[in-house]
Every structure is written in structure tokens, then in C-alpha cells.
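One-letter residues, chain by chain:
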Amino acid sequence: MKIVALLLWTLVPVAGFAALNHYGTAHVIWTYRFLDNGDASNPYLERTYVSCTYAGWTWHEVTAPALDGHCPWIRFFKIEVQ
């Protein structure tokens, strides 16, 4: 029973590795493009976002199309190693 208790901590890194492989790494919004409806400086107008650029691990940038005209603040991407 003591051996099981000593090895119980390994569940956290294994769960983290599994989540990383399943969801990918977290990326935060960096820049975006939107349709300005005639007044790009007015923050109260309805904006339809076209594309979003996210910065992730080691400043890796990913540009993706907007989801239903919106850019989430955080998205998960699987980065393919070449």
C-alpha cells in the first residue's frame, strides 16, 4: 500500500501529458482582423471578426478564421512538429 501512495503523484504528470496530446497547447489572442462597419475607432459598433492570430508556446503564432464572427481570448491548437 505504501508503494501505491508513493507512486500516486505520477498521475498528475500523466494526466497533463494526456491533456496536452488531446487538446494541444494554449494560445492567447494577439491580433485580429474585423469588418469595421464604417467606423473602426468606435468600440461600441458591432464588429464581425474575420481572422484571429494567437501567440502560444515559444511565441509560436497561429492564424485561424474567426469562430462565428468572434475571436475567443484563448484557444487550443495542436502544433505539428516538422
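Below or above, wherever it landed, is the structure these notes cover. This structure is a prediction, so every number in the text was calculated from the model and none was measured.

### As for unusual backbone geometry
Here's step 1: Even without glycine at this site, Asp68 takes up a positive phi of about 55°.
Here's step 2: Position of Asp68 among the secondary structure elements: in the loop between strand E3 (61-65) and strand E4 (74-77).

### Overview of the state of the cysteines
Here's step 1: A full pass over the atoms with the stated rule returns 1 disulfide.
Here's step 2: Disulfide partner of Cys52: Cys71, at an S-S distance of 1.9 Å. Measuring handedness by torsion sign, the sulfur bridge of Cys52 and Cys71 sits at about -80° and is left-handed. Separated by 19 residues along the polypeptide, Cys52 in strand E2 (residues 48-55) and Cys71 in the loop between E3 and E4 bring together distant segments of the chain. There is no split in this pair, since Cys52 and Cys71 are both buried.

Criteria and cut-off values
Numbers given for residues are sequential positions, taken from 1 along each chain in its written order. Local features are withheld for residues below a pLDDT of 70 in this predicted model, meaning they are given only at 70 or higher, and side-chain atom pairs are given and counted only at 80 or more; totals for whole chains, interfaces and linings count all residues. Remark: hydrogens and water are excluded; side-chain values derive from all non-hydrogen atoms of the structure. Where helices and strands are cited, they refer to DSSP runs of H or I of at least four residues and of E of at least two residues respectively, numbered from the N terminus. When two cysteine sulfur atoms lie within 2.5 Å, the pair is treated as a disulfide. Burial status follows relative accessibility: with a 1.4 Å probe on protein chains alone, a residue under 20% of its type maximum counts as buried, one over 50% as exposed, and anything between as partly exposed.

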